[in-house]
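# Chain and residue survey
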Amino acid sequence: MRIHWFPGHMKKALRVMREQLKMVDSIIYVLDSRAPLSSINPQFDELIAHKPVLYVLNKSDMVNSDDILKWQRRFEKENKACVANNSLNKGGGKIIINKLLEINAAAIEKYRNKGVNKTIRAMVIGIPNCGKSALINSLTSGKKTVTGNKPGVTRGRQWVVIDKYIELMDTPGTLFPDFGDEKKALNLAFIGSIKDDILDINELASKLLDCLTSLGHGNKIAQRYNLQSETSSKAEMLRQIGLSRGFILKGGEVDIEKTAKAVLTDFRKLAFGQIILEKA
Ligand SMILES: Nc1nc2c(ncn2[C@@H]2O[C@H](COP(=O)(O)OP(=O)(O)O)[C@@H](O)[C@H]2O)c(=O)[nH]1
Ligand SMILES: [Mg+2]
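Remember, predicted model here, so these are calculated numbers, not experimental data.

This paragraph deals with the site of ligand 1. As a matter of local geometry, ligand 1 sits amid 13 residues, with Asp61, Ser87, Lys132, Ser133 and Ala134 nearest to it. In the environment of ligand 1, a nitrogen atom lies 2.7 Å from a nitrogen or oxygen atom belonging to the side chain of Asp61. Side-chain polar atom of Lys132 to an oxygen atom of ligand 1: 2.8 Å apart, as the coordinates give it. Coverage of ligand 1 by the protein chains reaches 71% of its 580 Å² of free accessible surface. Per element, the largest residue contribution to the shell around ligand 1 is 3 residues, and it comes from helix H6 (residues 132-140).

Given below as structure tokens:
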């Protein structure tokens, strides 16, 4: 499937990120738990290599806890700090704050030895729709205490105070998704990180059905839509789903586009249950 994008945009994204990173000590890298690997764009790895990074497996409520645990172990094995999080869980961000302090302990200690309380500034980054804004809101409990713009202080940026010595950059860094890898791009499209309107929705839904079937969830699809017979062709499966949902056009044909949209929405709303697309 062709996903239209422009290398120029990627270049600009890297440049902007490089500038913003100069202002922070640390990174909070938000991942979508349904596709943690696809949520990482390796082209940004070099930029963040020299700062403490906390990986947040966000939307942890959308997959089962065993799968999350396995991912956490995998990150730990690679010596990467990682926490699972549900950003919609108000006041649940304590673990993120604690872990952020932990991975920045060396800098905090260094300053403490000089008699200074170091404020850790962090930037929240991640692909579109992974929950960056929701996560920042959950950490600030809605009330934004903003520093900067004080007389005589020109920081050129606003900071959200989340703890006595922790501040977040107020605008999250939206990472350009990794379109170089077709499988990753598809995963990102399935979970809604890439806008549907630049995609062929019918093809996307067929590929989603393919993907879910190959992951062993064919029964959940059959159950959801009352499908009687096995079909090998996903186009035919889509047609049967449309029939079963009663999505029929005036001429009697199945409304495939409406069906495709319904399948994608169902997946994103967990109508097939908690499904992880990438296992650790
Ligand atoms: N179930 C669930 N939904 C979430 C979570 N975090 C964010 N969302 C939802 O995901 C969508 C995108 O979140 P948003 O914070 O705007 O993403 P951003 O583009 O990275 O800033 C919104 O509909 C949020 O309500 C989470 O931890 N669990
Ligand atoms: Mg946002």
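Now that the structure has been shown, the text picks up again.
Counting through the fold element by element, Phe247 comes out in the loop between helix H10 (234-245) and helix H11 (256-268). With 164 residues separating them along the chain, Phe247 and Val83 place their C-alpha atoms 42 Å apart.

This brings us to the pattern of salt bridges. Where side chains of opposite charge bring their charged atoms close, a pairing between them can arise. Summed over all chains, the structure comprises 17 salt bridges. Taking the shortest distance from any N to any O, the salt bridge between Asp178 and Lys184 comes out at 3.2 Å. Beyond isolated ion pairs, a larger network of salt bridges with shared partners links Asp32, Arg34 and Lys59.

What follows deals with the environment of Asp32. With respect to the helices and strands, the residue Asp32 is situated in strand S1 (residues 26-32). Residues contacting Asp32, with those up to four places away along its chain left out, are Ser39, Asn58, Lys59, Cys130 and Ile191. Side chain to side chain, Asp32 and Arg34 meet in a polar contact 2.8 Å long.

Inspection of the sheet shows strand S2 (residues 53-58) paired to strand S3 (residues 81-84) by 4 bridges, in the parallel sense. Bridge pairing links Val56 to Val83 in S3.

Bringing the nonpolar core into the picture now. It is characteristic of soluble globular proteins that their nonpolar side chains tend to be buried jointly. Ranked by internal contacts, the top residues of the largest apolar core, which has 78 residues, are Ile28, Tyr29, Phe44, Tyr55, Ile221 and Phe267. With 7 residues, helix H8 (residues 201-214) is the largest single contributor of residues to this core. Here this core spans two domains, and each of domain 1 (7-174) and domain 2 (200-268) adds at least three residues to it. With near-sequence residues (within four places) excluded, Tyr55 lies in contact with Tyr29, Leu31, Ile40, Ile48, Phe75, Lys80, Ala81, Cys82 and Val83.

Where H8 meets H11, the axes come as close as 8 Å, and the angle between the chain directions of the two elements is 45°. Considered as vectors, H8 and H11 are oriented oblique to each other. Taken as a pair, H8 and H11 cross one another with a handedness that is left-handed. Of H11, the residues touching H8 (which contributes Ile201, Asn202, Leu204, Ala205, Leu208, Leu209 and Leu212) are Ile256, Glu257, Ala260, Lys261, Val263, Leu264, Phe267 and Arg268. Among the residues forming the contact of H8 with H11, the class breakdown is 11 nonpolar, 1 polar and 3 charged.

The next thing to look at is unusual backbone geometry. Positive phi, close to 60°, is recorded for Lys59, a residue that is not glycine. Counting through the fold element by element, Lys59 comes out in the loop between S2 and helix H3 (65-77). Accessibility expressed as a relative area gives 18% for Lys59, which makes it buried. Backbone geometry at Asn226 places phi at a positive 55°, although glycine is not the residue there. Along the chain, the position of Asn226 falls in the loop between helix H9 (218-225) and H10.

Before going further, it helps to examine helix H4 (residues 94-103). Buried within H4 are the following residues: Ile96, Ile97 and Leu100. For H4, the buried positions fall inside an angular range of 100° around the axis, keeping them on one side.

For S2, a buried count of 6 out of 6 residues is recorded, marking the element as mostly surrounded by other parts of the structure. Neither face of S2 is open: one carries Val53, Tyr55 and Leu57, the other Leu54, Val56 and Asn58, and all of them are buried. Taken together, S2, H3 and S3 constitute a β-α-β crossover, and its handedness is right-handed.

What follows concerns H6. Three or more residues of H6 are buried, namely Lys132, Leu135, Ile136, Ser138, Leu139 and Thr140. Phi turns positive one or two residues past the end of H6, at Ser141, with a value near 45°.

Topologically, Ser26 is positioned in strand S1. Taking the relative accessible area as the measure of exposure, Ser26 reaches 0% and is therefore buried. Here the side chain of Ser26 touches Pro52 through a polar contact of 2.7 Å, landing on its backbone oxygen. Only 3.1 Å separates the side chain of Ser26 from the side chain of Asn104, close enough to count as a polar contact. Beyond its immediate sequence surroundings of up to four residues, Ser26 is in contact with Lys51, Pro52, Leu100, Ile103, Asn104, Ile120, Arg121, Ala122 and Met123.

Reading guide: rules and limits
- Residues numbered from 1 in each chain as written.
- Chains lettered and ligands numbered in written order.
- Predicted model: local features only at pLDDT ≥ 70, side-chain atom pairs only at ≥ 80, totals over all residues.
- Heavy atoms only, no water.
- Near = heavy atom within 4 Å.
- Polar contact = N/O pair within 3.5 Å; in protein donor to acceptor, adjacent residues only side chain to side chain.
- Areas by Shrake-Rupley, 256 points an atom, 1.4 Å probe, with all protein chains shown as cover.
- Helix = DSSP H or I, 4+ residues; strand = E, 2+ residues; numbered from the N terminus.
- Salt bridge = Lys/Arg side-chain N within 4 Å of Asp/Glu carboxyl O.
- Contact = heavy atoms within 4.5 Å.
- Pairing = 2+ DSSP bridges.
- Core = buried A, V, L, I, M, F, W, Y, C linked by side-chain atoms within 4.5 Å.
- Buried < 20%, exposed > 50% of the residue type's maximum accessible area, 1.4 Å probe, protein only.
- Domains from an automatic or database assignment.
- Axes fitted to C-alpha atoms, helices over the stretch in contact; angles between N-to-C directions.
- Parallel < 35°, antiparallel > 145°, perpendicular 65-115°, else oblique.
- Left-handed = near helix turned anticlockwise from the far one by under 90°.
- Nonpolar A, V, L, I, M, F, W, Y, C, P; charged D, E, K, R; others polar.
- Arc of directions from axis to C-beta.
- Right-handed = clockwise from strand over helix to strand, strands pointing away.

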